[in-house]
Amino acid sequence: MRYRRAVLGALGIAGVTAVLEIVSRAGLVDNTALPPMSDVLWEAAKLGVDGEFLVDVGATLKAWSGGLALAVLVAVPLGVLLGSVPFLGTAARALVELLRPIPSVALIPLAIILFAEPTRMKMSLIFYACLWPILVNTLYALRDVDPVAKDSLRGFGFGTPSVLWHVSLPSAAPFIATGVRIAASIALVVVISTELYAGGVDGVGIYLSETQTAGGRTDLLLAGAVWSGVLGLTAAAGLRKLERIAFRWHTARVEGLA
């Protein structure tokens, strides 16, 4: 099933690429606005061995991984606490719903004032953006734990910490991991957007911005965008692989239901 999905996904990408190539080569759109995809992919391939661009990729990944890791370290324990103590969860619900819709990009000016160092500035925005999907997934995962399983363990004399450790967390862990995977994609969007709007020394967003100086090169812009997509796809695939390894029982159950 996984290989079939991978093949269909590859065919979908190839099909869209072919359509864009035909549209550009046929002159249906201005080549300066939409270069042929073969040219874009060639430029993307050259970027893969471009030392300066790889430094940009490294800077983006450094901020991405740091901000995401910090969000996980804060959101998961906080979600467990709020999900395990109903009083605290109810008290914090209004605050979570108030802060969650605020887009992290809107906080770029504040982040620039608070953090002079570009990497810290980017990490702070990534942390804010990733905090909410992980926190919300953790909260809902803990609320959906089978109450019969918890009551059964309590019936054998186990206290709240034991019920949390032996029942609630194992049951909620796959859904928390899904929140982390969603947050990872959001983090990549945020870090590149921040680099585009806030500037800095290096990063994929900085490269994309520089391609439009001195007249602009759309093919280079799209080549950088292709690499952004590759980074996102690789991150999602890697996290999904970790989920399959860590939660084999859950994966087998879901695929069996499918």
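As shown above, the structure is provided for reference.
The model shown is predicted, which means the values in this text are computed figures rather than measured ones.

1. Describing the side chain of Thr 194
Then comes step 1: Tracing the backbone through its elements, the reader meets Thr 194 in helix H8 (residues 160-198).
Then comes step 2: The buried category is assigned to Thr 194, whose relative accessible area is 1%.
Then comes step 3: A polar atom in the side chain of Thr 194 sits 2.7 Å from the backbone oxygen of Val 190.
Then comes step 4: In contact with Thr 194, not counting residues within four places along its chain, are Ile 108, Met 121, Lys 122, Leu 125 and Gly 199.

2. Points about the packing of aromatic side chains
Then comes step 1: In total, this model carries three aromatic pairs according to the counting rule given.
Then comes step 2: Ring centres of Phe 53 and Tyr 207 lie 5.0 Å apart, and the angle between their planes is 70°; this geometry places the pair in the edge-to-face category. Remark: Tyr 207 occurs in helix H9 (residues 204-210) and Phe 53 occurs in helix H3 (residues 51-84); sequence separation between them is 154 residues. Both residues of the pair, Phe 53 and Tyr 207, belong to the buried class.
Then comes step 3: With a centroid separation of 5.7 Å and 80° between ring planes, the pair formed by Tyr 128 and Trp 132 is classed as edge-to-face.

3. Remarks on the packing of H3 against helix H4 (residues 86-99)
Then comes step 1: At a minimum axis separation of 5 Å, H3 and H4 run at an interaxial angle of 110°. The angle between H3 and H4 falls in the class roughly perpendicular. Counting all contacts with H3, which are made through Leu 81, Leu 82 and Ser 84, the residues of H4 involved are Pro 86, Leu 88, Gly 89 and Ala 92.
Then comes step 2: Among the residues making up the contact of H3 with H4, the classes are represented as five nonpolar, two polar and no charged.

4. Focus on the pattern of salt bridges
Then comes step 1: Summed over the entire model, instances satisfying the criterion amount to eight salt bridges.
Then comes step 2: Among the ionic pairs, Arg 25 bridges to Asp 39, the shortest N-O distance being 3.8 Å. Placement of Arg 25 in helix H1 (residues 2-25) and of Asp 39 in helix H2 (residues 37-47) is noted, with a sequence separation of 14 residues between them.
Then comes step 3: Relative accessible area serves as the criterion here: at 34%, Asp 39 is assigned to the partly exposed category.
Then comes step 4: Notably, a salt bridge pairs Asp 219 with Arg 217, separated by 2.8 Å at the nearest N-O pair.
Then comes step 5: Asp 219 sits in the buried class, given a relative accessible area of 13%.

Scoring rules and cut-offs
Residues numbered from 1 in each chain as written. Predicted model: local features only at pLDDT ≥ 70, side-chain atom pairs only at ≥ 80, totals over all residues. Heavy atoms only, no water. Helix = DSSP H or I, 4+ residues; strand = E, 2+ residues; numbered from the N terminus. Buried < 20%, exposed > 50% of the residue type's maximum accessible area, 1.4 Å probe, protein only. Polar contact = N/O pair within 3.5 Å; in protein donor to acceptor, adjacent residues only side chain to side chain. Contact = heavy atoms within 4.5 Å. Phe/Tyr/Trp six-rings, centres within 6.5 Å; stacked < 30°, edge-to-face > 60°. Axes fitted to C-alpha atoms, helices over the stretch in contact; angles between N-to-C directions. Parallel < 35°, antiparallel > 145°, perpendicular 65-115°, else oblique. Nonpolar A, V, L, I, M, F, W, Y, C, P; charged D, E, K, R; others polar. Salt bridge = Lys/Arg side-chain N within 4 Å of Asp/Glu carboxyl O.

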